[in-house]
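Given next are the chains, with one letter for each unit.
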Amino acid sequence: SDKNSQLLEQLTTAEGQMDAAQRDAAALRDSEARLKLEIDAVEAERLRLENNLTDMQKLKADNQKLVRSEVTRLTQTVLATSDKNSQLLEQLTTAEGQMDAAQRDAA
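Residues numbered from 1 in each chain as written. Predicted model: local features only at pLDDT ≥ 70, side-chain atom pairs only at ≥ 80, totals over all residues. Heavy atoms only, no water.

Peer 1: Help me out: how do you make sense of the overall build of the protein in this one?
Peer 2: Within the protein one finds 1 helix and 0 strands. A compact globule built from 107 residues should have a C-alpha radius of gyration of about 13 Å, whereas the protein, at 45 Å, is more than 25% larger. For the protein, the C-alpha atoms occupy an extent of roughly 155 × 15 × 10 Å along the three principal directions. Counting every position in the protein, which comprises 107 residues, the buried fraction comes to 0%. (Helix = DSSP H or I, 4+ residues; strand = E, 2+ residues; numbered from the N terminus. Rg over C-alpha atoms; globule rule 2.2 N^0.38 Å. Buried < 20%, exposed > 50% of the residue type's maximum accessible area, 1.4 Å probe, protein only.)

Peer 1: Help me understand the pattern of salt bridges in this model?
Peer 2: Should the charged atoms of two oppositely charged side chains come close, the side chains can pair. One pass over the full model with this rule turns up 6 salt bridges. The salt bridge partner of Arg-46 is Glu-43, with a shortest N-O separation of 2.5 Å. Placement of the pair is Arg-46 and Glu-43 together in helix H1 (residues 2–106), with a separation of 3 residues, close to one helical turn. A salt bridge links Glu-50 to Arg-46, with the nearest nitrogen and oxygen atoms 2.4 Å apart. Note that Glu-50 and Arg-46 are positioned in helix H1 at a spacing of 4 residues, about one turn of the helix. (Salt bridge = Lys/Arg side-chain N within 4 Å of Asp/Glu carboxyl O.)

Peer 1: I'm lost on the environment of Leu-74 in this one. Help?
Peer 2: Topologically, Leu-74 is positioned in helix H1. Given the relative accessible area of 42%, Leu-74 is considered partly exposed. The spatial distance from the C-alpha of Leu-74 to the C-alpha of Asn-63 is 16 Å, given a sequence separation of 11 residues.

Peer 1: How should the environment of Gly-97 be read in this particular structure?
Peer 2: Structurally, the position occupied by Gly-97 is in helix H1. Linking Gly-97 and Arg-34, residues 63 residues apart in sequence, is a C-alpha distance of 92 Å.

This is the structure:
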């Protein structure tokens, strides 16, 4: 009877330890599942940020190309306008010279 009591007590203790181990295992599985969800969310965010970075780099390159194109166009416009101004100045100088000569001839 004493031996049975000891065995019963050992069995009860073992069952309690098994129950605790099962609870710990279930808690560990829940924790692992939560961590996996967090990892998946972090991975999704990383991919989203990488895509955003790629998009931003493309936009930056497109904007730089547009700026270079606009600078080239404006430079050409300035050069063409400068040439036209030089021609007009030359024509004005010639016309003034002709007017001066005509006034001298008239006098």
